[in-house]
There are 2 protein chains.
Amino acid sequence: MKFFNVISICDARKLLAENFPYSRGASETVPIESAYGRICAEDTACGEDIPAFTRSTVDGYAVTSMDTHGASESVPAMLYVKGTIAMGETPGFSLISGEAARISTGGMLPQGSDSVVMVENTETFSEQDLMVYHPVRQNENTIIKGDDIKNGEIIVHEGEEISHGHIGALASAGISTIAVRKKTSFSIISTGDEIVSIDSSPSTGQVRDINSHCLASMIRSIGGHVNSSRLLKDNLTDIKTELESAVINSDIVILSGGSSVGSRDFTVEAINSLSGEGVLTHGISIKPGKPTIIGESNGKAIFGLPGHPVASMIVFRVLVEYLFNHLNGTDRSHDHISAVSGTNIHSDPGKTTFQPVILKTLPNGETVAEPVYGKSGMISTILRAQGFIEIGSETEGINRGDHIKVYRL
Amino acid sequence: MKFFNVISICDARKLLAENFPYSRGASETVPIESAYGRICAEDTACGEDIPAFTRSTVDGYAVTSMDTHGASESVPAMLYVKGTIAMGETPGFSLISGEAARISTGGMLPQGSDSVVMVENTETFSEQDLMVYHPVRQNENTIIKGDDIKNGEIIVHEGEEISHGHIGALASAGISTIAVRKKTSFSIISTGDEIVSIDSSPSTGQVRDINSHCLASMIRSIGGHVNSSRLLKDNLTDIKTELESAVINSDIVILSGGSSVGSRDFTVEAINSLSGEGVLTHGISIKPGKPTIIGESNGKAIFGLPGHPVASMIVFRVLVEYLFNHLNGTDRSHDHISAVSGTNIHSDPGKTTFQPVILKTLPNGETVAEPVYGKSGMISTILRAQGFIEIGSETEGINRGDHIKVYRL
């Protein structure tokens, strides 16, 4: 058995960023309705002024604001109602001082008017006679042409994750499809003499393959694509063959190691046998997840993740997802949950500790995180935990009441 | 023009819960890898003990814990190494006091052993001679049979949203498919004389259909299915015909009203012309979103959402999604973001105010929400805002530093 030099989580991320530089990947065009959560591949600009004409934001009367100055309950402004603005049409008439026009929310202001009086602030005594009880300022209750989005303004920037709001703004600009990054593709290779497929009945001593299912689910939920998922015994030749095709066909390769020492040794040997840099680091000063391996071949990253399901999920979030975001030129730091620690949590200085937590929302809206302790390797920990926190290597723990950033599980 | 009696947001939710009672809907079976985010349709139990045998959680030596009592750097325990435990197999030998066996993480403990000494706490002087420098307690560095998940224990409860952790636990139990609720189906009917499809070139006075695209995207992201999406002019007969088929084919119907008064009147008339309760409420004391309509026909909920895109998205989150969760018997309150208010935010008492906000994460991990102000009806507001907050009808606003719950946009 050999011990390895471990690097910090910071250095592991630097290593990933340096060895796998961001280069605008391939893109594809999708309808905006399927674009939610995808990463925008190029700055997408509005090709016209939104709105294209000055609109009313209320139901009421289009007027010349000057005519309403000084209007009040006791001294209303008296106006002549010239007609009604039809929805979806250019008004067939214009107004002069002393005139008003019935208008609905979204209607186009007629020429000569510069504001809209809300219907609640008016009264009519006949079809034509309007009393206005409140003054309006110029442009009040209107959105003027280009006020919302200007012609040429970027709606979605390259690298942004597309939101429902983006989709609405794209629709308003008549943009029905958008260029998004092609999904980053992953190959998963599970190895281990003791691991059998979930459809098998394990003999005593064997366990079912958990990690490839968890990992596939996590890959899909961050917007990746699972190209292939294979389960292999600890056989160097088979692992090498599978790895060789994986680094050709996928952007990121994940080896989910059998937890035995032999299995880990095979992983290192197989990665080193490929063309390229081979193993870049073997061991990261994190808990759990210390035996994590990072390698390179054919320009692709190869991760050797720990065999314990909880450790494997945590390392996926803090390193694999980091690389995913880096390769896609995107930032998803908003994906974390802010919470306060409900208790003191101890950790070992010198390594970054990831502690699964349960989240509770207090009546005042505060989110409190409480640690979930469980033996290493227990899957039940993540049945209860909704996330995990990171405790820096320079501290001895977290105090009750400290603000903490929670990664989702 | 008529004014309507408005009800509170609380009463609107009560109205939904009472008129559309939860009844276990139809379910379907999906592979666990596609189950993430779906809602579990029945309590799903583990059919065996996990693990099925007592396993080591470290690399080291299986021992009898009694043999190591009192062991230290200066006075190590001396043990005889009887052999190596092969991964994935039942050990071919058992141990007696004074004996140890090489074991890898995940290996099965041989009979006679009750704990594992980590390799870091041992030294070997020959193949057979082992020195143990640290004592271990009974069961230390092991997971005993059934310690993780017991036979019969529920892994996922009915109504729970399926997480990556659930998928891992189901895999460990050999459960490869799971019963989930069929996706709640929605029909979207956009109406308005001024509204044209996003592929059309609007004439002056016309605008493109924004809401049906935003709403379709939001429906899919909460796990619903968009059955149909139609764009109609303000024509009572057409709206009635479309509504009649929508309440037969879908679980929830959304009318995205044209913003004109006439359009809103048609919505009410069309809902009232169907069999059933018709309009249940017309007007909710919320801002924005006051003209929201809730109706019933054929046991299905019909929402008349406001025409303004921001208002429409907010009412979707606070009412349509509320009904979606209620019908599915699920709770997704954890989906909110906890933040503190970065500023004083005023609101009108007597109505519940929804204020779009931008979120910033401070270096200490705290999330701060700042209001995004924009004219009613501007889509650019939701390009900047990541969520919105709810200010209760009984308060006059929120103070800087107050804890607030942020709904996602």
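The rules behind the values
Residues numbered from 1 in each chain as written. Chains lettered and ligands numbered in written order. Predicted model: local features only at pLDDT ≥ 70, side-chain atom pairs only at ≥ 80, totals over all residues. Helix = DSSP H or I, 4+ residues; strand = E, 2+ residues; numbered from the N terminus. Rg over C-alpha atoms; globule rule 2.2 N^0.38 Å. Buried ≥ 20, exposed ≤ 12 C-beta atoms within 10 Å, placed from the backbone. Contact = placed C-beta atoms within 7 Å. Least-squares fit on C-alpha atoms with pLDDT ≥ 70 in both. Pairing = 2+ DSSP bridges. Core = buried A, V, L, I, M, F, W, Y, C linked by C-beta atoms within 7 Å. Axes fitted to C-alpha atoms, helices over the stretch in contact; angles between N-to-C directions. Domains from an automatic or database assignment. Nonpolar A, V, L, I, M, F, W, Y, C, P; charged D, E, K, R; others polar. Parallel < 35°, antiparallel > 145°, perpendicular 65-115°, else oblique. Left-handed = near helix turned anticlockwise from the far one by under 90°. pLDDT = per-residue confidence, 0-100.

Colleague: Report on the overall build of chain A, specifying residues and quantitative values.
Modeller: Broken down by element type, chain A carries seven helices and 28 strands. Against the compact-globule benchmark of 22 Å for 409 residues, chain A has a radius of gyration of 31 Å, which places it well outside the compact range. Scored against the burial criterion, the 409 residues of chain A give a buried share of 50%. For chain A, contacts bridging at least 24 residues in sequence account for 71% of all contacts bridging at least 6.

Colleague: I'd like to hear about the interface of chain A and chain B, residue by residue, with values.
Modeller: Each side of the interface is counted separately: chain A has 84 residues, and chain B has 84 residues. Elements represented by at least two residues in the side of chain A that touches chain B include exactly α2 (164–172), β15 (207–208), α3 (211–221), α6 (309–328), β22 (337–341), β24 (352–361), α7 (381–384) and β28 (403–408) of chain A.

Colleague: Before we move on, can you summarise the relation of the copies chain A and chain B with the specific residues and values?
Modeller: Its rotation angle being 180°, the transformation that places chain A on chain B also includes 0.0 Å of axial translation and leaves an RMSD of 0.0 Å. Both chain copies can therefore be described as sitting about a two-fold axis. Taken as a fraction of all interface residues of chain A, those also at the interface in chain B reach 100%, which identifies the copy contact as same-surface.

Colleague: An account of the pairing of strand β1 (residues 27–31) of chain B is needed here, citing residue identities and associated values.
Modeller: All names here are of chain B. Sparse coverage of β1 is indicated by the burial of zero of its five residues. Across five bridges, β1 lies against strand β12 (residues 177–181) in antiparallel orientation. Across the sheet, the residue bridging to Val 30 is Ile 178, located in β12.

Colleague: I'd like a rundown of the nonpolar core, residues and numbers included.
Modeller: Ranked by internal contacts, the top residues of the largest apolar core, which has 168 residues, are A:Ile254, A:Phe303, B:Ile254 and B:Phe303. Apart from residues lying up to four places away in sequence, A:Ile254 is in contact with A:Phe186, A:Ile188, A:Leu215, A:Phe303, A:Leu305 and A:Val320.

Colleague: If you had to explain the sheet that holds strand β8 (residues 122–124) of chain A to someone new, which residues and values would you point to?
Modeller: Residue and element names in this part refer to chain A. One open sheet holds the six strands; their spatial order is β7-β4-β6-β5-β9-β8, and the pairing between them is mixed. Looking at which strands have only one partner, the edges of the open sheet turn out to be β7 (115–118) and β8. For this sheet the average axis-to-axis angle between neighbouring strands, irrespective of direction, equals 40°.

Colleague: Pulling in residues and values, what's your account of the sheet that holds strand β8 (residues 122–124) of chain B?
Modeller: All names here are of chain B. Strand order in this open sheet of six strands is β7-β4-β6-β5-β9-β8, and the pairing throughout is mixed. Strand pairing shows two members of the sheet lacking a second neighbour, β7 (115–118) and β8, which therefore form its edges. Ignoring strand direction, the axes of neighbouring strands in this sheet form an average angle of 40°. Here strand β4 (residues 60–63) runs beside strand β6 (residues 99–103); their pairing, made up of three bridges, is antiparallel. Pairing of Gly 60 across the sheet is with Ile 103, part of β6.

Colleague: Give a detailed account of the domain arrangement of chain A, specifying residues and quantitative values.
Modeller: All names here are of chain A. Structurally, chain A comprises domain 1 (9–25 + 182–332), domain 2 (32–48 + 148–181), domain 3 (55–143) and domain 4 (336–408). The C-alpha centroid of domain 2 is placed 33 Å from the C-alpha centroid of domain 1. Here the side of domain 1 that touches domain 2 is composed, by residue class, of no nonpolar, five polar and two charged.

Colleague: Tell me about α2(A), residues and numbers included.
Modeller: Most of α2(A) sits out of view: nine of its nine residues are buried. Of the positions making up α2(A), those classed as buried are A:His164, A:Gly165, A:His166, A:Ile167, A:Gly168, A:Ala169, A:Leu170, A:Ala171 and A:Ser172. Looking at the buried side of α2(A), the elements it contacts are β11 (154–156) and β12 (177–181) of chain A together with β15 (207–208), α3 (211–221), α6 (309–328) and α7 (381–384) of chain B. Just past α2(A), the residue A:Gly174 takes up positive phi, approximately 75°.

Colleague: Provide a residue-level description of the environment of A:Ser27, including the pertinent values.
Modeller: Residues and elements named next belong to chain A. Mapped onto the secondary structure, Ser 27 falls in strand β1 (residues 27–31). In the structure, Ser 27 is positioned 13 residues away from Cys 40 in sequence and 8.8 Å away in space, judged by C-alpha atoms. With residues up to four places along the chain from it excluded, the contact list for Ser 27 reads Ala 41, Ala 179, Val 180, Arg 181 and Lys 182.

Colleague: Describe the packing of α3(B) against α6(B), naming the residues involved and giving the relevant values.
Modeller: Packed helices, taken two at a time, are described by the angle their axes make and the gap between the axes. Residues and elements named next belong to chain B. Between α3 and α6, the least distance of the axes is 10 Å, while the angle of their chain directions is 25°. Accordingly, the angle class assigned to the pair α3 and α6 is roughly parallel. Handedness of the α3/α6 crossing: right-handed. Listed contacts from α6 to Asn 211, Cys 214, Leu 215 and Met 218 of α3 are Pro 309, Ser 312, Met 313 and Phe 316. Here the contact of α3 with α6 is built from residues that sort into six nonpolar, two polar and no charged.

Colleague: With reference to specific residues and values, describe unusual backbone geometry.
Modeller: Residues and elements named next belong to chain A. Cis rather than trans, the peptide bond between Ile 50 and Pro 51 has omega equal to -10°. Among the secondary structure elements, Pro 51 is positioned in the loop between β2 (44–45) and β3 (55–56). The omega torsion across Lys 287 and Pro 288 is -5°, close enough to zero to call that bond cis. Tracing the backbone shows Pro 288 in the loop between β19 (286–287) and β20 (293–297). In the Ramachandran plot, Asn 298 falls in the positive-phi region, its phi being about 55° despite a non-glycine side chain. With respect to the element layout, Asn 298 can be found in the loop between β20 and β21 (300–305).

Colleague: Explain the confidence of the model for chain A to me, and be specific about the residues and the numbers.
Modeller: On average, chain A scores 93 in pLDDT, and the residues at 70 or more come to 97%. With a pTM of 0.94, the predicted complex shows an ipTM of 0.93.

Colleague: Any details on the environment of A:Gly257? Residues and values, ideally.
Modeller: Residue and element names in this part refer to chain A. Position of Gly 257 relative to the elements: it lies in the loop between β17 (252–256) and α5 (261–273). For Gly 257, a count of 30 C-beta atoms within 10 Å translates into the label buried. Taking the C-alpha atoms as reference, Gly 257 lies 19 Å from Lys 375; in sequence the two are 118 residues apart. Discounting chain neighbours no more than four positions away, the residues touching Gly 257 are Thr 191, Gly 192, Ser 263, Arg 264, Thr 267, Gly 304, Leu 305, Pro 306 and Gly 307.

Colleague: Break down the environment of B:Glu99 for me, citing the residues and quoting the values.
Modeller: All names here are of chain B. Residue position: Glu 99 is located in strand β6. The spatial distance from the C-alpha of Glu 99 to the C-alpha of Pro 288 is 75 Å, given a sequence separation of 189 residues. Setting aside anything within four residues of it in sequence, one finds Glu 99 in contact with Leu 79, Tyr 80 and Lys 82.

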